[in-house]
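Per-entry structural report
Residues per chain are reported as follows:
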Amino acid sequence: MDITRRTTMQALAAPQKLHGAVESSFPGERKRRLWRLDRLGGKLYLLVLSEDQPDLTELVRQFGRQEAAPEIQDYTPLLKRISPGSVWRFRLTANPTKSCPGKKDSDIRGTVKAHCSVEFQKQWLLDRAPKHGFALLPDKFTVTESKWLHFSKGRDGGRPVTILSVTYEGILQITDEQQFCQLLKNGIGRGKAYGLGLMTVMRQSDLSR
């Protein structure tokens, strides 16, 4: 991503624009693809995970560095390496939330609210680990970034949207390879259209290579 370009700065301030650009990179019917912005070595990258291979020409034209060609890799070899007991380093940017019920004996639906403290943000992920096929220890992962996203959804200003983006990093262990592979492919939590929910992993044994 070229952060000096006006179009890129506009997209960073309005995640729905990046969502639309990502979806436009695929022919045919619209599907929910996972994507995430990552900073590494002083550069900003856009990661996209999809079932179909995209045409990233327009994404590069709008937001990319013209000298840097996009790189596409097959996800299958990584998924085949997922096995029970294996240990992985992970990064996840998600929207940890809680559902607050409405008034007692009322038809009013409860509201969804974000977990704002690190303690409850970590507990949110700990609570979801078992059903997604991995185990976590509280001292083996941390919250590295927490920020609010404010933008408008829809045309002509639309309705205001506020969503909390929380980035986790640490070490996990696989307990169920099928459940964990589903997590890697489908994401976790709310806000997937706005660059949230995608977990990436690196085998712990690969870090020394």
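Scroll up a little and you will see the structure.
Residues numbered from 1 in each chain as written. Predicted model: local features only at pLDDT ≥ 70, side-chain atom pairs only at ≥ 80, totals over all residues. Heavy atoms only, no water.

**Regarding the pattern of salt bridges**
What counts is decided by this rule: A pairing counts as a salt bridge when a side-chain nitrogen of Lys or Arg comes within 4 Å of a carboxyl oxygen of Asp or Glu. Starting at the N terminus, helices and strands are each numbered in turn, a helix being any DSSP run of H or I of at least four residues and a strand any DSSP run of E of at least two. The cut-offs for exposure are 20% and 50% of the maximum accessible area for each residue type, with area from a 1.4 Å probe on protein chains only; residues under the lower value are buried, those over the upper are exposed, and the others partly exposed.
A complete count under the given rule lists six salt bridges for this structure. When the shortest N-O distance is used, the salt bridge between Arg33 and Asp52 registers 3.7 Å. You can see Arg33 sitting in the loop between α2 (15-23) and β1 (34-40) and its partner Asp52 sitting in the loop between β2 (43-49) and α3 (57-63), a full 19 residues away along the chain. For Arg33, a relative accessible area of 4% corresponds to the buried category.

**Some remarks on helix α6 (residues 177-186)**
Stated precisely, the cut-off is as follows: Here the arc refers to the set of directions running from the helix axis out to each C-beta atom. Residues count as neighbours in contact if any of their non-hydrogen atoms are within 4.5 Å of one another. By the criterion applied in these results, polar contacts are pairs of N or O atoms within 3.5 Å in which, for protein atoms, one can donate a hydrogen and the other can accept it, and in which residues neighboring in sequence qualify only through two side-chain atoms.
Listed in full, the buried residues belonging to α6 are Phe180, Cys181, Leu183 and Leu184. An end-on view of α6 places all buried positions within 155° of arc, on one side of the element. For α6, the elements touching its buried residues are β1, β2, α4 (76-80), β6 (134-135), β8 (159-174) and β9 (199-203). Between the side-chain oxygen at the start of α6 and the backbone nitrogen of Gln178 there is a gap of 3.1 Å, and the oxygen is on Asp176.

**Thoughts on the pairing of strand β3 (residues 87-94)**
Stated precisely, the cut-off is as follows: Two strands form a pair only when DSSP identifies at least two bridges running between them.
Pairing geometry for β3 and β8, over eight bridges, is antiparallel. Within β8, the position partnered with Trp88 by the bridge is Leu172. Where β3 lies against β9, five bridges are found, and the strand directions are antiparallel. Residue pairing across strands places Phe90 opposite Val201, the latter belonging to β9.

**A short note on the packing of aromatic side chains**
Selection criterion: Paired rings are identified among Phe, Tyr and Trp, the last through its six-membered ring, by centres lying within 6.5 Å, and are further divided according to the angle between planes into stacked (under 30 degrees), edge-to-face (over 60) and tilted (the rest). For a Lys NZ or an Arg CZ to count as sitting over a ring, it must be within 6 Å of the ring centre and within 35 degrees of the ring normal.
Enumeration according to the criterion identifies five aromatic pairs in this entry. When the centroid spacing of 6.4 Å and the interplanar angle of 15° are considered together, the rings of Trp124 and Tyr168 count as stacked. Remark: Tyr168 occurs in strand β8 and Trp124 occurs in helix α5 (residues 118-128); sequence separation between them is 44 residues. Among the aromatic side chains, those forming a connected cluster through ring pairs are Phe90, Trp124, Phe141 and Tyr168. Residue placement shows Arg33 over the ring face of Phe26; its charged tip is 3.9 Å from the ring centre. A cation over an aromatic ring shows up here: Lys122 above the ring of Phe141, its NZ or CZ 4.8 Å from the ring centre.

**Here we look at the nonpolar core**
To keep it simple, the criterion reads: Nonpolar cores are built from buried Ala, Val, Leu, Ile, Met, Phe, Trp, Tyr and Cys residues. Side-chain atoms within 4.5 Å join them into one set.
Within the largest apolar cluster, 27 residues are counted, with the highest numbers of intra-cluster contacts made by Phe90, Leu125, Phe134, Tyr168, Leu172, Phe180 and Met199. Only β3, α5, β7 (141-153), β8, α6 and β9 provide two or more residues apiece to this core. Among the elements that line this core, the one with the most residues is β8, at five residues. Those residues within four positions of Phe90 in sequence are excluded, and the remaining contacts are Leu125, Leu136, Phe141, Tyr168, Glu169, Gly170, Ile171, Leu172, Met199, Thr200 and Val201.

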